[in-house]
Amino acid sequence: MKLPPFEYACPTKLSEAVALLAARNGDAKLIAGGQSLVPMLAFRLAAPTLLVDLRKLPELRTIDVSMNGVVLGSMVRWCEILADARLHAAHPLLRAAVAQVAHYQIRNRGTIGGSMAHADPAAEMPGIALTCEAEIATVGTAGPRVHKAADFFLGPLMTALEPDEIIVEIRLPPWPAQRRWGFQEFARRRGDFAMAAAAVWYDQDGGGKARNAHVGVIGVGDRPQRLTAVEAVLNGRVIDAAAIAHAETAASAAVDPQADIHASADYRRALVGTMVERALKSAGNGGGS
Ligand SMILES: Cc1cc2nc3c(=O)[nH]c(=O)nc-3n(C[C@H](O)[C@H](O)[C@H](O)COP(=O)(O)OP(=O)(O)OC[C@H]3O[C@@H](n4cnc5c(N)ncnc54)[C@H](O)[C@@H]3O)c2cc1C
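Here the structure is a predicted model, which means the values were calculated and not measured.

Chemist: Where do I start with unusual backbone geometry in this structure?
Modeler: Note on backbone geometry: most residues besides glycine have negative phi, and most peptide bonds are trans. The phi angle at Asn25 is positive, at roughly 50 degrees, despite the residue not being glycine. Within the element layout of this structure, Asn25 appears in the loop between helix 1 (14-24) and strand 2 (28-31). With a relative accessible area of 72%, Asn25 lands in the exposed category. Its identity as a non-glycine residue notwithstanding, Arg44 has a phi of 60 degrees, on the positive side. Residue position: Arg44 is located in the loop between helix 2 (37-42) and strand 3 (50-53). On the accessibility criterion, Arg44 (47% relative accessible area) is partly exposed.

Here it is in structure tokens:
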């Protein structure tokens with residue numbers, strides 16, 4: 001399918017990219033890996049008059065791991081996250097979720113910033129950002145801004161970004177080595193978008209009780225969701241079979257999915273409970289997906 005006509009720019013300075021966006025007043029689009037935007041152009045779901053390519057901005061490609069957490073440049077590709085050995089310890093939940101993103105070829109081009117800006121309700125990275133209380137650092141004509149993930153996703157393919165705003169970094173808080181975590185996803189075929197997925201993590205007090213529990217889900221609403229009702233079930237309890245069963249029921253009750261061509265609302269509601277149950281079981285087994 002042919003793309004609609006557009007002009008193309010490939011700036012070598014971030015300020016130049018911002019100026020190019022601002023000059024078109026909402027009629028220009030950034031292109032990162034092109035894995036979501038190009039299909040959108042082909043289907044005429046987007047028809048910008050200018051594409052601003054971010055590929056010549058090396059400052060957007062860095063992965064920084066320190067005691068302050070993990071900072072991912074917006075042009076970091078999925079394959080680079082999976083190849084970075086430091087992230088095994090520095091953010092195992094991130095790695096596990098990214099391993100479920102799309103297919104090999106798409107992971108070689110798709111970027112974390114593109115995924116955050118695209119804001120697909122079934123995409124893994126927005127779910128991880130929300131569950132981990134990430135910050136999204138941006139720059140636009142109004143200067144730099146920092147968005148909390150909880151305020152960033154406004155609906156399907158909708159974010160708090162202004163038309164002239166560029167995601168620069170995604171910042172994930174530090175990850176203690178003892179943290180319990182699990183990530184579980186169900187898709188019809190490996191590499192497809194999730195029908196539902198759950199990310200869970202919690203710390204433990206001296207008596208083995210959960211504290212600071214975080215539970216996030218994707219694929220069951222118009223944006224990623226934190227399930228605070230499930231977190232309340234977990235906090236202050238040993239995560240045993242009874243707690244997991246209670247959490248599963250609470251997760252199904254906490255979501256209000258829509259039926260679509262892939263599944264009924266009831267199926268998705270049951271599925272999200274099962275994903276939370278499995279994620280908690282894997283967390284109890286030392287963490288994993
Ligand atoms: C067949 C297929 C299967 C897929 N499966 C999955 C999946 O299972 N899970 C998943 O999460 N994703 C999946 N994807 C999407 C894939 O992960 C994309 O790579 C990602 O969503 C977008 O990243 P990109 O770099 O390709 O962005 P692009 O397509 O280049 O851009 C996407 C949008 O983000 C904007 N944008 C890009 N970078 C920035 C920035 N730095 N600041 C502000 N705005 C920006 C663009 O203007 C555009 O609106 C799939 C894609 C395909 C084609």
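Chemist: Teacher, can you tell me more about the pairing of strand 11 (residues 180-186) here?
Modeler: Where a strand is regular, its side chains alternate between the two sheet faces. Summarising burial for strand 11: five of the seven residues are buried, a large majority. In this sheet, strand 12 (residues 196-204) lies alongside strand 11 in antiparallel orientation, the contact comprising seven bridges. Counterpart to Trp181 in the pairing with strand 12 is Trp201.

Chemist: Explain the site of the ligand to me, please; I cannot follow it from the model alone.
Modeler: Around the ligand lies a shell of 30 residues, among which Leu30, Gln35, Leu37, Thr111 and Glu124 are the nearest. Here an oxygen atom of the ligand sits 2.7 Å away from a polar atom, N or O, in the main chain of Gly34. Residue Gln35 places a main-chain N or O atom 2.7 Å away from an oxygen atom belonging to the ligand. Protein contact buries 89% of the 980 Å² of open area that the ligand shows by itself. Of all the elements, helix 7 (residues 112-118) adds the most residues to the shell around the ligand, at four residues. Considered class by class, the residues forming the shell around the ligand number 15 nonpolar, eleven polar and four charged.

Chemist: Hey, could you run me through the layout of surface pockets in this one?
Modeler: A water-sized probe rolled over the atoms picks out the places where empty space is left. Estimates place the volume of the second largest pocket at around 450 Å³. What lines the second largest pocket is a set of 19 residues, among which Ala122, Gly219, Asp260, His262 and Arg268 lie closest to the centre. Counted by class, the lining of the second largest pocket contains eight nonpolar, four polar and seven charged residues.

Criteria and cut-off values
Residues numbered from 1 in each chain as written. Predicted model: local features only at pLDDT ≥ 70, side-chain atom pairs only at ≥ 80, totals over all residues. Heavy atoms only, no water. Helix = DSSP H or I, 4+ residues; strand = E, 2+ residues; numbered from the N terminus. Buried < 20%, exposed > 50% of the residue type's maximum accessible area, 1.4 Å probe, protein only. Pairing = 2+ DSSP bridges. Near = heavy atom within 4 Å. Polar contact = N/O pair within 3.5 Å; in protein donor to acceptor, adjacent residues only side chain to side chain. Areas by Shrake-Rupley, 256 points an atom, 1.4 Å probe, with all protein chains shown as cover. Nonpolar A, V, L, I, M, F, W, Y, C, P; charged D, E, K, R; others polar. 1 Å grid on protein atoms, 1.4 Å probe; cavity = no way out; pocket = protein on both sides within 12 Å on 5 of 7 lines; lining within 4 Å. Points joined across faces, edges and corners; volume = space filled by probe spheres on them.

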